[in-house]
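Spelled out, the chains give:
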Amino acid sequence: MAMIAKQCPDVSVHVVDLNQDRINSWNSEELPIYEPGLDSVVREARGRNLRFSTQVDHAIQEADMIFISVNTPTKSFGMGAGRAANLEYIEKCARQIARVSQGPKIVVEKSTLPVRTAEAVKRILATAGAASFDVLSNPEFLAEGTAVQDLLSPDRVLIGGESQTAISALVDIYAKWIPKDRILTTNLWSSELSKLSANAFLAQRVSSINAISALCEATGADVDEVARAIGTDSRIGPNFLKASVGFGGSCFQKDILNLVYLCEHFGLNEVADYWSQVVAINDYQKRRFAQKIVRTLFNTVSDKKICMWGWAFKKDTNDTRESAAIYICRDLLIERAQVEIYDPRVSEEQIRQDMYEIMQDGNGLVGPYKQSLIDRIRVVEDPHQAADSAHAITVMTEWDEFKDLDFCRIFEDMVKPAFVFDGRNILCREKLSQIGFEVHSIGKTSPLLI
Ligand code: UGA
(Lines give C-alpha, C1' and ligand atoms only; values in the text may rest on other atoms or scores of the structure.)
Protein backbone atom coordinates (compact mmCIF):
# COMPACT_ATOMS: atom_id res chain seq x y z
CA MET A 1 0.00 0.00 0.00
CA ALA A 2 2.93 2.30 0.72
CA MET A 3 4.27 1.64 -2.78
CA ILE A 4 0.89 2.39 -4.38
CA ALA A 5 0.78 5.64 -2.38
CA LYS A 6 4.32 6.52 -3.47
CA GLN A 7 3.71 5.83 -7.15
CA CYS A 8 0.21 7.28 -7.34
CA PRO A 9 0.16 10.62 -5.46
CA ASP A 10 -3.40 11.21 -6.69
CA VAL A 11 -4.70 8.06 -4.95
CA SER A 12 -5.50 8.40 -1.27
CA VAL A 13 -4.41 5.30 0.66
CA HIS A 14 -5.72 4.64 4.16
CA VAL A 15 -4.25 1.60 5.97
CA VAL A 16 -6.34 0.42 8.92
CA ASP A 17 -5.71 -2.18 11.58
CA LEU A 18 -7.37 -3.07 14.88
CA ASN A 19 -4.03 -3.09 16.67
CA GLN A 20 -3.31 0.42 17.97
CA ASP A 21 0.33 -0.36 18.82
CA ARG A 22 1.03 -1.51 15.30
CA ILE A 23 -0.58 1.59 13.82
CA ASN A 24 1.42 3.77 16.22
CA SER A 25 4.60 2.11 14.95
CA TRP A 26 3.63 2.74 11.34
CA ASN A 27 3.12 6.39 12.26
CA SER A 28 6.50 6.61 14.02
CA GLU A 29 10.12 6.71 12.87
CA GLU A 30 10.56 3.06 13.98
CA LEU A 31 8.51 0.94 11.54
CA PRO A 32 7.29 -2.40 12.95
CA ILE A 33 9.16 -4.46 10.32
CA TYR A 34 12.69 -4.31 8.98
CA GLU A 35 12.68 -4.15 5.20
CA PRO A 36 15.50 -2.43 3.28
CA GLY A 37 14.30 0.79 1.60
CA LEU A 38 10.83 0.73 3.13
CA ASP A 39 11.45 3.67 5.48
CA SER A 40 11.97 6.11 2.67
CA VAL A 41 8.93 4.86 0.72
CA VAL A 42 6.71 5.33 3.79
CA ARG A 43 8.31 8.66 4.67
CA GLU A 44 7.71 10.02 1.17
CA ALA A 45 4.00 9.22 1.10
CA ARG A 46 2.96 9.39 4.77
CA GLY A 47 1.10 12.60 5.52
CA ARG A 48 0.64 13.21 1.80
CA ASN A 49 -1.64 10.45 0.49
CA LEU A 50 -0.81 7.63 2.93
CA ARG A 51 -2.48 7.38 6.34
CA PHE A 52 -2.37 4.76 9.07
CA SER A 53 -5.19 4.56 11.62
CA THR A 54 -7.56 2.30 13.52
CA GLN A 55 -10.68 3.94 12.06
CA VAL A 56 -11.77 0.83 10.22
CA ASP A 57 -15.46 1.67 9.64
CA HIS A 58 -14.66 5.18 8.48
CA ALA A 59 -12.00 3.91 6.03
CA ILE A 60 -14.43 1.35 4.59
CA GLN A 61 -17.10 3.99 4.07
CA GLU A 62 -14.86 6.44 2.26
CA ALA A 63 -13.06 3.88 0.05
CA ASP A 64 -13.80 3.01 -3.58
CA MET A 65 -11.49 0.02 -3.41
CA ILE A 66 -10.69 -2.10 -0.34
CA PHE A 67 -7.69 -4.43 -0.13
CA ILE A 68 -8.14 -7.26 2.39
CA SER A 69 -4.63 -7.99 3.63
CA VAL A 70 -5.18 -9.92 6.84
CA ASN A 71 -3.17 -13.00 7.72
CA THR A 72 -4.36 -16.51 6.92
CA PRO A 73 -2.25 -18.78 9.15
CA THR A 74 -2.49 -22.57 9.08
CA LYS A 75 -5.45 -23.72 11.19
CA SER A 76 -4.30 -25.02 14.55
CA PHE A 77 -7.62 -26.53 15.63
CA GLY A 78 -10.63 -28.51 14.40
CA MET A 79 -11.20 -29.66 10.83
CA GLY A 80 -8.11 -29.45 8.64
CA ALA A 81 -5.90 -28.54 11.62
CA GLY A 82 -2.24 -28.34 10.62
CA ARG A 83 -3.03 -27.93 6.91
CA ALA A 84 -6.06 -25.79 6.02
CA ALA A 85 -5.92 -21.99 6.11
CA ASN A 86 -7.63 -20.21 8.95
CA LEU A 87 -10.09 -17.93 7.18
CA GLU A 88 -11.56 -16.42 10.31
CA TYR A 89 -9.99 -13.00 9.72
CA ILE A 90 -11.02 -12.89 6.06
CA GLU A 91 -14.60 -13.66 6.97
CA LYS A 92 -14.64 -11.03 9.73
CA CYS A 93 -13.34 -8.44 7.27
CA ALA A 94 -15.91 -9.34 4.65
CA ARG A 95 -18.71 -9.12 7.22
CA GLN A 96 -17.49 -5.75 8.45
CA ILE A 97 -17.29 -4.42 4.89
CA ALA A 98 -20.80 -5.72 4.21
CA ARG A 99 -22.15 -4.13 7.39
CA VAL A 100 -20.59 -0.70 7.00
CA SER A 101 -20.61 -0.03 3.23
CA GLN A 102 -23.11 2.34 1.73
CA GLY A 103 -22.08 2.63 -1.94
CA PRO A 104 -20.55 0.32 -4.59
CA LYS A 105 -17.02 -0.94 -3.90
CA ILE A 106 -14.31 -3.09 -5.35
CA VAL A 107 -12.99 -5.60 -2.80
CA VAL A 108 -9.52 -6.95 -3.54
CA GLU A 109 -8.17 -10.15 -1.97
CA LYS A 110 -4.53 -9.49 -1.22
CA SER A 111 -4.15 -12.19 1.43
CA THR A 112 -3.09 -15.61 0.10
CA LEU A 113 -6.18 -17.76 0.10
CA PRO A 114 -7.35 -21.22 -0.84
CA VAL A 115 -8.98 -21.45 -4.24
CA ARG A 116 -12.61 -20.36 -4.33
CA THR A 117 -12.43 -18.18 -1.23
CA ALA A 118 -13.55 -15.26 -3.38
CA GLU A 119 -16.83 -17.12 -3.76
CA ALA A 120 -17.35 -17.07 0.02
CA VAL A 121 -16.34 -13.41 0.21
CA LYS A 122 -18.82 -12.59 -2.56
CA ARG A 123 -21.64 -14.41 -0.81
CA ILE A 124 -20.99 -12.62 2.48
CA LEU A 125 -20.83 -9.26 0.74
CA ALA A 126 -24.08 -10.01 -1.06
CA THR A 127 -25.85 -9.96 2.31
CA ALA A 128 -25.23 -6.19 2.50
CA GLY A 129 -28.36 -4.15 1.91
CA ALA A 130 -27.59 -1.06 -0.14
CA ALA A 131 -24.07 -1.60 -1.46
CA SER A 132 -22.91 -3.67 -4.45
CA PHE A 133 -19.48 -5.27 -4.71
CA ASP A 134 -17.01 -6.58 -7.25
CA VAL A 135 -14.42 -9.01 -5.92
CA LEU A 136 -10.91 -9.21 -7.39
CA SER A 137 -7.98 -11.45 -6.52
CA ASN A 138 -4.62 -9.68 -6.60
CA PRO A 139 -2.05 -11.93 -4.93
CA GLU A 140 1.27 -10.51 -3.79
CA PHE A 141 4.51 -12.00 -5.11
CA LEU A 142 7.07 -9.85 -3.29
CA ALA A 143 9.67 -11.64 -1.19
CA GLU A 144 10.82 -10.31 2.18
CA GLY A 145 14.18 -8.60 2.21
CA THR A 146 13.72 -7.47 -1.40
CA ALA A 147 10.15 -6.18 -1.09
CA VAL A 148 10.74 -2.63 -2.26
CA GLN A 149 12.63 -3.71 -5.37
CA ASP A 150 10.07 -6.46 -6.08
CA LEU A 151 7.24 -3.92 -5.86
CA LEU A 152 9.02 -1.30 -7.96
CA SER A 153 9.81 -3.73 -10.72
CA PRO A 154 7.74 -6.91 -10.39
CA ASP A 155 8.08 -9.80 -12.85
CA ARG A 156 4.31 -9.62 -13.09
CA VAL A 157 1.20 -8.37 -11.34
CA LEU A 158 -1.73 -10.75 -11.34
CA ILE A 159 -5.34 -9.63 -11.24
CA GLY A 160 -8.20 -12.12 -11.30
CA GLY A 161 -11.84 -11.15 -11.54
CA GLU A 162 -15.15 -11.29 -13.35
CA SER A 163 -16.03 -7.64 -13.91
CA GLN A 164 -13.95 -5.98 -16.63
CA THR A 165 -14.67 -2.55 -15.17
CA ALA A 166 -13.31 -3.56 -11.76
CA ILE A 167 -10.27 -5.24 -13.33
CA SER A 168 -9.52 -2.11 -15.37
CA ALA A 169 -9.76 0.09 -12.27
CA LEU A 170 -7.01 -1.93 -10.59
CA VAL A 171 -4.93 -2.30 -13.76
CA ASP A 172 -4.95 1.51 -14.08
CA ILE A 173 -3.37 1.86 -10.63
CA TYR A 174 -0.48 -0.54 -11.31
CA ALA A 175 -0.03 0.79 -14.86
CA LYS A 176 1.18 4.07 -13.34
CA TRP A 177 4.61 2.44 -12.93
CA ILE A 178 4.46 -1.11 -14.32
CA PRO A 179 4.50 -1.89 -18.07
CA LYS A 180 1.10 -3.16 -19.20
CA ASP A 181 2.52 -6.43 -20.56
CA ARG A 182 3.53 -7.37 -17.02
CA ILE A 183 0.00 -6.96 -15.70
CA LEU A 184 -1.75 -10.29 -16.21
CA THR A 185 -5.49 -10.69 -15.92
CA THR A 186 -7.23 -14.02 -15.35
CA ASN A 187 -10.38 -15.43 -13.88
CA LEU A 188 -10.69 -15.41 -10.09
CA TRP A 189 -9.82 -19.04 -9.52
CA SER A 190 -6.74 -19.01 -11.75
CA SER A 191 -5.41 -16.04 -9.84
CA GLU A 192 -5.96 -17.66 -6.44
CA LEU A 193 -4.46 -20.97 -7.57
CA SER A 194 -1.47 -19.28 -9.26
CA LYS A 195 -0.35 -17.80 -5.98
CA LEU A 196 -0.36 -21.16 -4.17
CA SER A 197 1.25 -22.87 -7.16
CA ALA A 198 4.03 -20.28 -7.52
CA ASN A 199 5.04 -20.75 -3.89
CA ALA A 200 4.78 -24.54 -4.19
CA PHE A 201 7.05 -24.51 -7.28
CA LEU A 202 9.60 -22.24 -5.58
CA ALA A 203 9.65 -24.35 -2.42
CA GLN A 204 9.91 -27.47 -4.58
CA ARG A 205 13.11 -26.12 -6.15
CA VAL A 206 14.65 -25.58 -2.72
CA SER A 207 13.59 -29.04 -1.55
CA SER A 208 14.89 -30.56 -4.80
CA ILE A 209 18.35 -29.05 -4.39
CA ASN A 210 18.33 -29.86 -0.68
CA ALA A 211 17.50 -33.50 -1.49
CA ILE A 212 20.43 -33.52 -3.92
CA SER A 213 22.64 -31.96 -1.21
CA ALA A 214 22.24 -35.09 0.93
CA LEU A 215 23.32 -37.21 -2.02
CA CYS A 216 26.29 -34.90 -2.66
CA GLU A 217 27.49 -35.36 0.91
CA ALA A 218 27.25 -39.13 0.49
CA THR A 219 29.03 -39.27 -2.85
CA GLY A 220 31.62 -36.48 -2.86
CA ALA A 221 29.82 -34.28 -5.37
CA ASP A 222 29.58 -30.56 -4.56
CA VAL A 223 26.04 -29.18 -4.48
CA ASP A 224 27.08 -25.68 -5.61
CA GLU A 225 28.79 -27.18 -8.65
CA VAL A 226 25.73 -29.30 -9.39
CA ALA A 227 23.43 -26.27 -8.99
CA ARG A 228 25.60 -24.27 -11.40
CA ALA A 229 25.71 -27.08 -13.90
CA ILE A 230 21.97 -27.67 -13.92
CA GLY A 231 21.06 -23.97 -13.58
CA THR A 232 22.80 -23.07 -16.83
CA ASP A 233 20.20 -25.12 -18.69
CA SER A 234 17.88 -22.31 -19.73
CA ARG A 235 14.88 -24.57 -19.13
CA ILE A 236 15.88 -24.97 -15.48
CA GLY A 237 17.41 -21.53 -14.79
CA PRO A 238 19.90 -20.46 -12.10
CA ASN A 239 17.69 -18.92 -9.40
CA PHE A 240 16.41 -20.54 -6.25
CA LEU A 241 18.87 -23.42 -6.35
CA LYS A 242 20.82 -22.50 -3.23
CA ALA A 243 21.05 -25.50 -0.94
CA SER A 244 20.35 -24.55 2.66
CA VAL A 245 19.49 -25.71 6.10
CA GLY A 246 15.85 -25.70 4.95
CA PHE A 247 13.40 -23.08 3.78
CA GLY A 248 11.46 -21.02 6.29
CA GLY A 249 9.14 -18.03 6.22
CA SER A 250 5.46 -17.54 6.72
CA CYS A 251 4.46 -18.63 3.22
CA PHE A 252 6.02 -21.74 1.69
CA GLN A 253 5.01 -24.35 4.22
CA LYS A 254 1.63 -22.77 4.88
CA ASP A 255 0.76 -22.50 1.19
CA ILE A 256 1.87 -26.03 0.33
CA LEU A 257 -0.10 -27.46 3.25
CA ASN A 258 -3.03 -25.47 2.02
CA LEU A 259 -2.60 -26.90 -1.48
CA VAL A 260 -2.37 -30.40 -0.01
CA TYR A 261 -5.58 -29.88 1.93
CA LEU A 262 -7.31 -28.59 -1.17
CA CYS A 263 -6.22 -31.64 -3.18
CA GLU A 264 -7.44 -33.98 -0.45
CA HIS A 265 -10.72 -32.13 -0.35
CA PHE A 266 -11.19 -32.84 -4.05
CA GLY A 267 -10.15 -36.50 -3.60
CA LEU A 268 -6.84 -35.98 -5.43
CA ASN A 269 -4.79 -38.01 -2.97
CA GLU A 270 -1.83 -38.69 -5.27
CA VAL A 271 -1.51 -34.98 -6.00
CA ALA A 272 -1.70 -34.24 -2.28
CA ASP A 273 1.05 -36.81 -1.58
CA TYR A 274 3.24 -35.34 -4.30
CA TRP A 275 3.23 -31.82 -2.83
CA SER A 276 3.46 -32.92 0.79
CA GLN A 277 6.86 -34.44 -0.01
CA VAL A 278 8.23 -30.91 -0.52
CA VAL A 279 7.50 -30.21 3.13
CA ALA A 280 8.75 -33.66 4.18
CA ILE A 281 12.16 -33.04 2.54
CA ASN A 282 12.35 -29.66 4.24
CA ASP A 283 11.73 -31.23 7.66
CA TYR A 284 14.33 -33.88 6.82
CA GLN A 285 16.90 -31.24 5.89
CA LYS A 286 16.50 -29.41 9.21
CA ARG A 287 16.63 -32.66 11.20
CA ARG A 288 19.64 -33.88 9.23
CA PHE A 289 21.58 -30.71 10.02
CA ALA A 290 21.02 -31.01 13.79
CA GLN A 291 21.90 -34.71 13.70
CA LYS A 292 25.10 -33.97 11.83
CA ILE A 293 26.17 -31.51 14.50
CA VAL A 294 25.58 -34.02 17.29
CA ARG A 295 27.31 -36.89 15.45
CA THR A 296 30.31 -34.79 14.49
CA LEU A 297 30.76 -33.47 18.02
CA PHE A 298 31.59 -37.02 19.14
CA ASN A 299 27.94 -37.98 19.56
CA THR A 300 27.24 -35.58 22.38
CA VAL A 301 26.56 -31.87 22.67
CA SER A 302 25.47 -32.11 26.29
CA ASP A 303 26.64 -28.96 28.11
CA LYS A 304 28.67 -27.92 25.08
CA LYS A 305 28.29 -24.38 23.90
CA ILE A 306 26.99 -24.12 20.34
CA CYS A 307 27.03 -20.72 18.69
CA MET A 308 24.25 -19.79 16.26
CA TRP A 309 24.78 -17.00 13.80
CA GLY A 310 21.43 -15.86 12.46
CA TRP A 311 17.88 -16.50 13.53
CA ALA A 312 15.77 -14.84 10.79
CA PHE A 313 14.44 -17.14 8.06
CA LYS A 314 16.60 -15.34 5.49
CA LYS A 315 18.83 -12.27 5.38
CA ASP A 316 17.61 -8.67 5.30
CA THR A 317 14.51 -9.33 7.35
CA ASN A 318 13.70 -9.56 11.04
CA ASP A 319 10.96 -12.10 10.32
CA THR A 320 11.54 -15.40 12.10
CA ARG A 321 8.39 -17.30 11.22
CA GLU A 322 9.15 -20.98 10.46
CA SER A 323 12.87 -20.20 10.48
CA ALA A 324 15.00 -23.36 10.34
CA ALA A 325 17.01 -21.93 13.28
CA ILE A 326 14.05 -22.50 15.62
CA TYR A 327 13.87 -26.23 14.85
CA ILE A 328 17.62 -26.77 14.98
CA CYS A 329 17.89 -24.89 18.27
CA ARG A 330 15.10 -27.07 19.68
CA ASP A 331 16.84 -30.28 18.59
CA LEU A 332 20.13 -29.12 20.12
CA LEU A 333 18.45 -28.11 23.38
CA ILE A 334 16.85 -31.55 23.62
CA GLU A 335 20.42 -32.89 23.40
CA ARG A 336 21.16 -30.53 26.34
CA ALA A 337 23.42 -28.16 24.45
CA GLN A 338 23.88 -24.56 25.52
CA VAL A 339 22.99 -22.40 22.55
CA GLU A 340 24.29 -18.86 22.19
CA ILE A 341 22.56 -16.85 19.49
CA TYR A 342 23.40 -13.71 17.58
CA ASP A 343 21.23 -12.14 14.86
CA PRO A 344 21.76 -8.56 13.69
CA ARG A 345 18.04 -7.78 13.43
CA VAL A 346 16.09 -10.16 15.66
CA SER A 347 15.38 -9.21 19.29
CA GLU A 348 16.00 -11.49 22.27
CA GLU A 349 12.30 -11.22 23.11
CA GLN A 350 11.39 -12.63 19.68
CA ILE A 351 13.87 -15.50 19.96
CA ARG A 352 12.54 -16.48 23.38
CA GLN A 353 8.97 -16.22 22.13
CA ASP A 354 9.79 -18.50 19.16
CA MET A 355 11.36 -21.08 21.46
CA TYR A 356 8.45 -20.87 23.88
CA GLU A 357 5.99 -21.55 21.06
CA ILE A 358 7.87 -24.52 19.65
CA MET A 359 8.22 -26.11 23.07
CA GLN A 360 4.48 -25.90 23.81
CA ASP A 361 2.49 -29.08 24.27
CA GLY A 362 -0.96 -29.68 22.76
CA ASN A 363 -2.54 -27.46 25.42
CA GLY A 364 -0.25 -24.53 24.73
CA LEU A 365 1.75 -25.07 27.92
CA VAL A 366 5.49 -25.33 28.50
CA GLY A 367 6.34 -27.57 31.45
CA PRO A 368 9.24 -26.93 33.85
CA TYR A 369 11.61 -29.33 32.03
CA LYS A 370 11.13 -27.68 28.64
CA GLN A 371 11.34 -24.27 30.27
CA SER A 372 14.70 -25.30 31.75
CA LEU A 373 15.84 -26.16 28.21
CA ILE A 374 14.75 -22.77 26.91
CA ASP A 375 16.68 -21.21 29.79
CA ARG A 376 19.83 -22.73 28.34
CA ILE A 377 19.83 -20.26 25.45
CA ARG A 378 21.66 -16.95 25.62
CA VAL A 379 21.14 -14.15 23.15
CA VAL A 380 24.09 -11.83 22.61
CA GLU A 381 24.76 -8.64 20.68
CA ASP A 382 27.96 -9.61 18.94
CA PRO A 383 28.97 -12.55 16.70
CA HIS A 384 32.40 -12.86 18.35
CA GLN A 385 30.85 -13.08 21.78
CA ALA A 386 28.50 -15.84 20.56
CA ALA A 387 31.49 -17.84 19.33
CA ASP A 388 33.68 -17.24 22.38
CA SER A 389 34.43 -20.58 24.13
CA ALA A 390 32.06 -22.41 21.78
CA HIS A 391 32.64 -25.94 20.52
CA ALA A 392 30.94 -25.16 17.23
CA ILE A 393 29.64 -22.28 15.14
CA THR A 394 26.49 -22.83 13.11
CA VAL A 395 25.36 -20.45 10.35
CA MET A 396 21.59 -20.29 10.17
CA THR A 397 20.97 -17.12 8.15
CA GLU A 398 23.07 -15.83 5.24
CA TRP A 399 23.66 -12.32 6.66
CA ASP A 400 26.51 -10.69 4.69
CA GLU A 401 28.31 -9.59 7.87
CA PHE A 402 29.16 -13.21 8.75
CA LYS A 403 31.42 -13.56 5.72
CA ASP A 404 34.08 -11.06 6.79
CA LEU A 405 34.55 -11.58 10.51
CA ASP A 406 37.97 -11.92 12.12
CA PHE A 407 38.12 -15.71 11.90
CA CYS A 408 41.68 -15.95 13.29
CA ARG A 409 40.53 -14.27 16.50
CA ILE A 410 37.36 -16.37 16.58
CA PHE A 411 39.40 -19.57 16.19
CA GLU A 412 41.70 -18.57 19.07
CA ASP A 413 38.73 -18.10 21.39
CA MET A 414 36.99 -21.41 20.62
CA VAL A 415 37.30 -24.86 22.16
CA LYS A 416 39.38 -27.18 19.90
CA PRO A 417 38.72 -28.89 17.62
CA ALA A 418 36.79 -25.84 16.44
CA PHE A 419 33.86 -26.86 14.24
CA VAL A 420 31.89 -24.77 11.76
CA PHE A 421 28.56 -25.96 10.35
CA ASP A 422 27.65 -23.61 7.54
CA GLY A 423 23.93 -24.07 6.90
CA ARG A 424 24.00 -21.48 4.11
CA ASN A 425 27.31 -22.21 2.37
CA ILE A 426 28.40 -18.58 2.68
CA LEU A 427 31.76 -18.95 4.43
CA CYS A 428 35.02 -19.59 2.60
CA ARG A 429 35.83 -23.23 3.36
CA GLU A 430 39.44 -23.03 2.19
CA LYS A 431 40.24 -19.96 4.29
CA LEU A 432 38.61 -21.37 7.41
CA SER A 433 40.22 -24.77 7.01
CA GLN A 434 43.63 -23.15 6.65
CA ILE A 435 43.08 -21.30 9.94
CA GLY A 436 42.38 -24.67 11.56
CA PHE A 437 38.58 -24.96 11.64
CA GLU A 438 36.87 -28.22 10.75
CA VAL A 439 34.27 -26.98 8.27
CA HIS A 440 31.05 -28.80 7.42
CA SER A 441 28.91 -27.33 4.66
CA ILE A 442 25.65 -28.36 3.04
CA GLY A 443 26.07 -30.74 0.12
CA LYS A 444 29.88 -30.92 0.22
CA THR A 445 32.34 -33.55 1.30
CA SER A 446 33.06 -32.85 4.90
CA PRO A 447 35.29 -31.94 6.42
CA LEU A 448 37.48 -30.25 3.84
CA LEU A 449 40.96 -31.63 4.44
CA ILE A 450 43.86 -29.31 3.58
C1 UGA B 1 8.10 -16.19 -0.85
C2 UGA B 1 8.08 -16.06 -2.38
O3 UGA B 1 9.41 -16.04 -2.88
C4 UGA B 1 7.36 -14.77 -2.80
O5 UGA B 1 7.27 -14.71 -4.22
C6 UGA B 1 5.98 -14.77 -2.19
O7 UGA B 1 5.28 -13.57 -2.50
C8 UGA B 1 6.10 -14.88 -0.69
O9 UGA B 1 6.77 -16.11 -0.34
C10 UGA B 1 4.71 -14.85 -0.10
O11 UGA B 1 3.93 -15.78 -0.38
O12 UGA B 1 4.36 -13.88 0.57
P13 UGA B 1 9.61 -15.14 1.12
O14 UGA B 1 8.97 -16.19 1.98
O15 UGA B 1 9.62 -13.74 1.60
O16 UGA B 1 8.89 -15.12 -0.33
O17 UGA B 1 11.13 -15.53 0.88
P18 UGA B 1 11.94 -16.43 -0.21
O19 UGA B 1 12.98 -15.58 -0.79
O20 UGA B 1 11.02 -17.11 -1.14
O21 UGA B 1 12.66 -17.50 0.74
C22 UGA B 1 11.93 -18.52 1.42
C23 UGA B 1 12.88 -19.47 2.11
O24 UGA B 1 13.58 -20.29 1.16
C25 UGA B 1 13.96 -18.77 2.92
O26 UGA B 1 14.16 -19.46 4.15
C27 UGA B 1 15.18 -18.88 2.04
O28 UGA B 1 16.38 -18.82 2.76
C29 UGA B 1 14.96 -20.24 1.40
N30 UGA B 1 15.69 -20.40 0.12
C31 UGA B 1 15.38 -19.62 -0.94
C32 UGA B 1 16.69 -21.36 0.02
O33 UGA B 1 16.98 -22.08 0.99
N34 UGA B 1 17.35 -21.51 -1.16
C35 UGA B 1 17.06 -20.74 -2.25
O36 UGA B 1 17.70 -20.93 -3.31
C37 UGA B 1 16.06 -19.78 -2.13
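(A) How the structure looks around the site of the ligand. What surrounds the ligand is a group of 20 residues, the closest being K195, N199, S244, K314 and R424. Contact between the ligand and E140: an oxygen atom at 3.2 Å from a main-chain N or O atom of the residue. G248 is positioned with one of its backbone polar atoms (N or O) 2.9 Å from an oxygen atom of the ligand. Burial of the ligand by the protein chains amounts to 88% of its free accessible area of 710 Å². It is helix α9 (residues 188-219) that provides the largest number of residues to the shell around the ligand, a total of 4 residues. A class-by-class count of the residues in the shell around the ligand yields 11 nonpolar, 3 polar and 6 charged.

(B) The arrangement of the domain arrangement of the chain in detail. Splitting the chain by domain gives domain 1 (2-194) and domain 2 (252-449). A C-alpha centroid distance of 34 Å is found between domain 1 and domain 2. With 20 residues of domain 1 in contact, the opposing surface of domain 2 contributes 18 residues. Summing the contributions of domain 1 and of domain 2, the shared interface buries around 1500 Å²; its carbon and sulfur component is 53%. If you sort the residues of domain 1 by the area they bury against domain 2, Y34, R83 and E144 come out on top, with a joint share of 49%. The tally of links between domain 1 and domain 2 comes to 2 salt bridges. Summed over the shared surface of domain 1 and domain 2, the result is 6 residue pairs in polar contact (both at pLDDT 80 or more). Residues belonging to the side of domain 1 that touches domain 2 are distributed by class as follows: 12 nonpolar, 6 polar and 2 charged.

(C) Spatial organisation of the pattern of salt bridges. Following the criterion strictly, the structure yields 30 salt bridges and no others. Across the pair R46 and E29 runs a salt bridge, and its minimum N-O distance is 3.3 Å. With a gap of 17 residues between them, R46 in the loop between α3 (38-45) and β2 (50-53) and E29 in the loop between α2 (20-26) and α3 connect regions that are remote in the sequence. According to the relative accessible area criterion, E29 is exposed, its value standing at 55%. Among the salt bridges present, the one from D39 reaches R43, with a minimum N-O distance of 3.9 Å. Of this pair, D39 and R43 both sit in helix α3, 4 residues apart, roughly one helical turn. For D39, a relative accessible area of 32% puts it in the partly exposed group. The structure contains a network of salt bridges with shared partners spanning E29, D39, R43 and R46.

(D) Main features of the environment of T317. With respect to the helices, strands and loops of the structure, T317 is situated in the loop between β8 (305-309) and α13 (324-334). Looking at T317, the relative accessible area reads 1%, which means it is buried. Separated by 112 residues in the primary sequence, T317 and R429 have C-alpha atoms spaced 26 Å apart. Setting aside residues up to four positions removed in sequence, T317 forms contacts with Y34, E144, A312, R345 and W399. Polar contacts involving the side chain of T317 include one to the main-chain amide nitrogen of D319, which spans 3.0 Å.

(E) Structural view of the packing of aromatic side chains. Tallying each qualifying case throughout the model produces 13 aromatic pairs. For the ring pair F201 and W275, a centre distance of 5.7 Å and an interplane angle of 35° mean the geometry is tilted. In this pair, F201 sits in helix α9 while W275 sits in helix α12 (residues 269-296), placing the two residues 74 residues apart along the sequence. Centroid distance F247 to F252: 5.5 Å. Interplanar angle 80°. Geometry classified as edge-to-face. By way of ring pairs, the aromatic residues W309, Y342, F402, F407, F411 and F437 are connected into one cluster. R116 extends its terminal NZ or CZ atom over the ring of W189, reaching a point 4.2 Å from the ring centre. Taking the ring centre of F141 as reference, the NZ or CZ of R156 above it sits at 3.6 Å.

(F) How the structure looks around the pairing of strand β13 (residues 438-441). Pairing of strand β12 (residues 419-422) with β13, which is carried by 4 bridges, proceeds in the parallel orientation. Across the sheet, residue F419 finds its bridge partner in β13, namely E438.

(G) View of the sheet that holds β13. What the 6 strands build is an open sheet, ordered β10-β9-β8-β11-β12-β13; its pairing is parallel. Each edge of the sheet is formed by a strand with only one pairing partner; in this case those strands are β10 (378-379) and β13. Strand direction decides the pairing type here: strand β11 (residues 392-395) and β12, joined by 4 bridges, are parallel. Looking across to β12, one finds that A392 is bridged to F419. Packed onto the sheet, α13 meets β8 and β9 (338-342) and runs at close to 180° relative to β8.

(H) Representation of the sheet that holds strand β4 (residues 105-109) within the structure. Taken together, 5 strands build an open sheet; the order of strands is β3-β4-β5-β6-β7 and the sheet is mixed. The strands lining the two open edges of the sheet, one partner per strand, are β3 (65-68) and β7 (183-186). Adjacent strand axes in the sheet meet at a mean angle of 25° when their direction is disregarded. Pairing geometry for β4 and strand β5 (residues 133-137), over 5 bridges, is parallel. Note on β5: the bridge partner recorded for I106 is D134.

Parameters and conventions
Residues numbered from 1 in each chain as written. Predicted model: local features only at pLDDT ≥ 70, side-chain atom pairs only at ≥ 80, totals over all residues. Heavy atoms only, no water. Near = heavy atom within 4 Å. Polar contact = N/O pair within 3.5 Å; in protein donor to acceptor, adjacent residues only side chain to side chain. Areas by Shrake-Rupley, 256 points an atom, 1.4 Å probe, with all protein chains shown as cover. Helix = DSSP H or I, 4+ residues; strand = E, 2+ residues; numbered from the N terminus. Nonpolar A, V, L, I, M, F, W, Y, C, P; charged D, E, K, R; others polar. Domains from an automatic or database assignment. Contact = heavy atoms within 4.5 Å. Buried area = accessible area lost by both parts, 1.4 Å probe. Salt bridge = Lys/Arg side-chain N within 4 Å of Asp/Glu carboxyl O. Buried < 20%, exposed > 50% of the residue type's maximum accessible area, 1.4 Å probe, protein only. Phe/Tyr/Trp six-rings, centres within 6.5 Å; stacked < 30°, edge-to-face > 60°. Lys NZ or Arg CZ within 6 Å of the ring centre and 35° of its normal. Pairing = 2+ DSSP bridges. Axes fitted to C-alpha atoms, helices over the stretch in contact; angles between N-to-C directions.

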